[in-house]
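# Topology and contacts: notes
So the chains spell out like this:
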Amino acid sequence: AQSVTQPDIHITVSEGASLELRCNYSYGATPYLFWYVQSPGQGLQLLLKYFSGDTLVQGIKGFEAEFKRSQSSFNLRKPSVHWSDAAEYFCAATPFSGGYNKLIFGAGTRLAVHP
Amino acid sequence: GAGVSQSPRYKVAKRGQDVALRCDPISGHVSLFWYQQALGQGPEFLTYFQNEAQLDKSGLPSDRFFAERPEGSVSTLKIQRTQQEDSAVYLCASCEDRDSNQPQHFGDGTRLSIL
């Protein structure tokens, strides 16, 4: 079955430290991949997306993600975390089918940032 | 505003009551999705509309859930005879086109609590 796994439920980092959030997918073929961020009481905001081509994708707010086909992974990174980055992060995937994009989400990783 | 608007933001209902949740997508967006997000989980797909046509309702958990988009713009998700397990945040998203490489724009959600 198609699935997205985020192994880390909760991560805490210090402000200014680097960050990596893990995401693994299980699909028959490489899907389209997304990272979304959700602040409390808010909807989901798209950080970045991967469709094809360059495996290192740049997004908003200084985030980037690297697609690794051999590991079925799409990890999110940021070199220096800011206190405002505290939120919940969701990895999502949709089949590369040319049709509508029904997203399958991971369970999310909650990021806490210490001053 | 130009974003996806959902109302009400919060809804409290007694078990057994019917509820209706509204979504105003971004003007001109062809695709509209409903997702259900249980506490501490990632969103899960409920149903998809392309204009006024409901093309996928495979995620609706029971026949108590019903969605419509009669004129291809505003959509309503209705839950009949609500149960406690229906308590969740209901997210609506719209997409400019039907292609799977188009990003979805999410509303802030309706938090439904069933007492």
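These lines cover the structure that appears in this document, whether it is placed above or below. These numbers were taken from a predicted model, which means no experiment stands behind them.

Moving on to the nonpolar core. Residue and element names in this part refer to chain A. Grouped together as the largest cluster of nonpolar side chains are 27 residues, with contacts concentrated most on Leu-19, Trp-35, Leu-47, Leu-48, Phe-74, Leu-76 and Tyr-89. Where this core is concerned, the elements lending two or more residues are strand S2 (10–14), strand S3 (19–21), strand S5 (32–38), strand S6 (44–50), strand S8 (64–68), strand S9 (73–78), strand S10 (87–94) and strand S12 (109–114). By residue number, the principal contributor to this core is S10, which donates four residues. With residues near it in sequence (within four places) discarded, Leu-47 still touches Trp-35, Tyr-36, Val-37, Gly-59, Ile-60, Lys-61, Phe-63, Leu-76 and Tyr-89.

Next up on the list: the interface of chain B and chain A. Taken residue by residue, the interface counts 24 residues in chain B and 23 residues in chain A. At the boundary of chain B with chain A, total buried surface from both sides reaches about 1900 Å², with 52% on carbon and sulfur atoms. Between chain B and chain A we count one salt bridge in total. A salt bridge links Lys-102 of chain A to Asp-56 of chain B, with the shortest nitrogen-to-oxygen separation between them at 3.1 Å. There are six residue pairs in polar contact (both at pLDDT 80 or more) connecting chain B and chain A.

Bringing the layout of surface pockets into the picture now. The computed volume of the largest pocket comes to approximately 430 Å³. Every residue lining the largest pocket is counted, 25 residues in all, and those nearest its centre are Gln-38 and Gly-41 of chain A together with Gln-37, Val-89 and Arg-111 of chain B. Within the residue set of the lining of the largest pocket, elements represented by two or more residues are S10 of chain A together with strand S9 (88–95) and strand S11 (110–114) of chain B. When residues in the lining of the largest pocket are grouped by element, the largest group, four residues, is from S11 of chain B. Here the residues of the lining of the largest pocket are counted per class, giving nine nonpolar, eleven polar and five charged. Of the voids in this model, the second largest pocket is the one considered here, and its volume is about 200 Å³.

In this structure the tally under the stated criterion is ten salt bridges over all chains. A salt bridge links Arg-110 of chain A to Glu-88 of chain A, with the nearest nitrogen and oxygen atoms 2.8 Å apart. Of this pair, Arg-110 of chain A sits in strand S12 while Glu-88 of chain A sits in strand S10; the two residues are 22 residues apart in sequence, bridging distant segments of the chain. Of the residues examined, Arg-110 of chain A reaches a relative accessible area of 42% and is grouped as partly exposed. Overall, the relative accessible area of 11% leaves Glu-88 of chain A in the buried class. Arg-22 of chain B is the partner of Asp-24 of chain B in a salt bridge, and the nearest nitrogen-oxygen pair spans 2.8 Å. The network of salt bridges with common partners includes Glu-64, Glu-66 and Arg-77 of chain A.

What counts, and at which threshold
Residues numbered from 1 in each chain as written. Chains lettered and ligands numbered in written order. Predicted model: local features only at pLDDT ≥ 70, side-chain atom pairs only at ≥ 80, totals over all residues. Heavy atoms only, no water. Core = buried A, V, L, I, M, F, W, Y, C linked by side-chain atoms within 4.5 Å. Buried < 20%, exposed > 50% of the residue type's maximum accessible area, 1.4 Å probe, protein only. Helix = DSSP H or I, 4+ residues; strand = E, 2+ residues; numbered from the N terminus. Contact = heavy atoms within 4.5 Å. Buried area = accessible area lost by both parts, 1.4 Å probe. Salt bridge = Lys/Arg side-chain N within 4 Å of Asp/Glu carboxyl O. Polar contact = N/O pair within 3.5 Å; in protein donor to acceptor, adjacent residues only side chain to side chain. 1 Å grid on protein atoms, 1.4 Å probe; cavity = no way out; pocket = protein on both sides within 12 Å on 5 of 7 lines; lining within 4 Å. Points joined across faces, edges and corners; volume = space filled by probe spheres on them. Nonpolar A, V, L, I, M, F, W, Y, C, P; charged D, E, K, R; others polar.

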